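# Fold and contact review
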Amino acid sequence: MNPGHLIVIDLGKTLSKVSLWSHDGRMLDRQVRPNAPGSVDDILRLDVDGVGEWVLDQLARHAGQPIAAIIPVGHGAGIVAVRDGAVAIAPFDYEQAIPDDVMADYRAARDPFTVTGSPALPYGLNLGAQLYWMERRYPDAMAGATLIPWAQYWAWLLTGRAVSEVTSLGCHSDLWAPSEGDFSPMAYSMGWAARFAPLARAADVVGTLSPAVAARTGLPENVKVLAGIHDSNAALVAARGFADIAGHEATILSTGTWFVAMRLTAG
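Residues numbered from 1 in each chain as written. Predicted model: local features only at pLDDT ≥ 70, side-chain atom pairs only at ≥ 80, totals over all residues. Heavy atoms only, no water.

In this section: the overall build of the protein chain. Secondary structure assignment for the protein chain yields 10 helices and 16 strands. Burial status across the protein chain gives 48% buried among its 267 residues. In the form shown here, the protein chain has an accessible surface area of approximately 12,300 Å², with 55% of it arising from carbon and sulfur atoms. (Helix = DSSP H or I, 4+ residues; strand = E, 2+ residues; numbered from the N terminus. Buried < 20%, exposed > 50% of the residue type's maximum accessible area, 1.4 Å probe, protein only. Areas by Shrake-Rupley, 256 points an atom, 1.4 Å probe, with all protein chains shown as cover.)

With that out of the way, let us pick up helix α6 (residues 150-159). Within α6, nine of the 10 residues are buried, leaving the element largely enclosed by the surrounding structure. The complete set of buried residues in α6 reads W150, A151, Q152, Y153, W154, A155, W156, L158 and T159. Immediately beyond the C-terminal end of α6, within one or two residues, lies G160, with a positive phi of roughly 85°.

To continue, consider the side chain of D93. As for its position among the elements, D93 is in the loop between β8 (86-89) and α2 (100-109). Polar side-chain contacts of D93 include one of 2.8 Å to the backbone nitrogen of E95. Every residue in contact with D93, bar those within four places of it in the chain, is listed here: K13, P37, L44, R45 and L46. (Polar contact = N/O pair within 3.5 Å; in protein donor to acceptor, adjacent residues only side chain to side chain. Contact = heavy atoms within 4.5 Å.)

With that settled, consider the packing of helix α1 (residues 48-61) against α6. With their axes 12 Å apart at the nearest point, α1 and α6 run at an angle of 60° to one another. As the angle between them shows, α1 and α6 are arranged oblique. The crossing of α1 and α6 is right-handed. Together, V48, V51, G52, V55, L56 and L59 of α1 and W150, Y153, W154, L157 and L158 of α6 make up the contact between the two elements. Partitioning the contact of α1 with α6 into residue classes produces 10 nonpolar, one polar and no charged. (Axes fitted to C-alpha atoms, helices over the stretch in contact; angles between N-to-C directions. Parallel < 35°, antiparallel > 145°, perpendicular 65-115°, else oblique. Left-handed = near helix turned anticlockwise from the far one by under 90°. Nonpolar A, V, L, I, M, F, W, Y, C, P; charged D, E, K, R; others polar.)

Attention shifts here to the pairing of strand β3 (residues 27-34). The side chains of a regular strand alternate between both faces of the sheet. Examined bridge by bridge, strand β2 (residues 15-21) and β3 share seven bridges and lie antiparallel to one another. Of the residues in β3, the one forming a bridge with S19 is R30. Between β2 and β3, which pair antiparallel one after the other, the connecting turn spans five residues, and G25 there sits at a positive phi close to 90°. (Pairing = 2+ DSSP bridges.)

For the structure on display, the rule yields 11 salt bridges. Among the salt bridges present, the one from R61 reaches D29, with a minimum N-O distance of 3.0 Å. Taken together, the positions of R61 in helix α1 and D29 in strand β3 put the pair 32 residues apart, joining distant regions of the chain. The exposure class of R61 is partly exposed, given its relative accessible area of 44%. The class of D29 is buried, set by a relative accessible area of 18%. (Salt bridge = Lys/Arg side-chain N within 4 Å of Asp/Glu carboxyl O.)

Purely spatial values, then, with no claim about function.
Quick look at the structure:
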C-alpha cells in the first residue's frame, strides 16, 4: 500500500520553498518564492502574511494527490507571538538593527557561551535579543501571548495547535542550555520559558489540517502535520543518513542565506 506523499514547507530567510516528495524519496514538484520583508512601526518584519497565503496556494496545487503529511522547516531566528488564535506581533526580521541601549542591556542579561553554546551575534540573530526588544516595545501585546519558533509557527497555522521544538530553540538563540536539556537560565528569569508553546519532537505529529485550511487548500482534514525542524539541523540529519557519513567524522556545510559548518565526530 502506498503510504502517500510528503510536502515539505521550507521557510528560509531569502526564499520560501514548498516541495512534494514521494514516499520513496523522489522530489515530484518544487515551487520557490523570494521573500519580501516589510516594515511595521519602522521595524523590519518577516512577511508572515504574504508567505502564509503563498504556502496555502502551493498546498492547493496538490489537492487530489495522496498527501500523508506536511513537514515544516525554517530558519532559527524568527519568533511569533500568538494570542487568541491570531498573530499578536508581526515577527521581526533578524537583520533589523536593535537600538544600542537595548542591545547593551540584553548583552548584560544573556548567559555565557559555556551555558548556551550561542555566540553573541549582531542584530536579532540571537532570538533572545528579539524577545527582549519586543517586550520593551509591545508589553501589552506580549502579555499572555504564546511564543512559537518560526518553523513551528507553520504547524500552528495549519493545525491551530502550538508547539516548540528543541533544534529551533537551541540554535544560536540564547534560550536553551544543551547540557541541561532545558531552557537557559535567562529564559527562565525573563519568564519566557513558561510562555513558549509546549515542547514536541521534530517528528511528532502536531495534529491534522484545520477545517479552514482543508477548505482553503482542497486537501483532506486527515493530512498530518509534523512539528518540524530548524533548517541546518535538518541538513545535518539528512547528511547522517548517508552511509559514507554516518558514524564517521565529517564536516557538513549547510548553505542558503548563510553558510553554517557543523562537525560530526566518529561514533
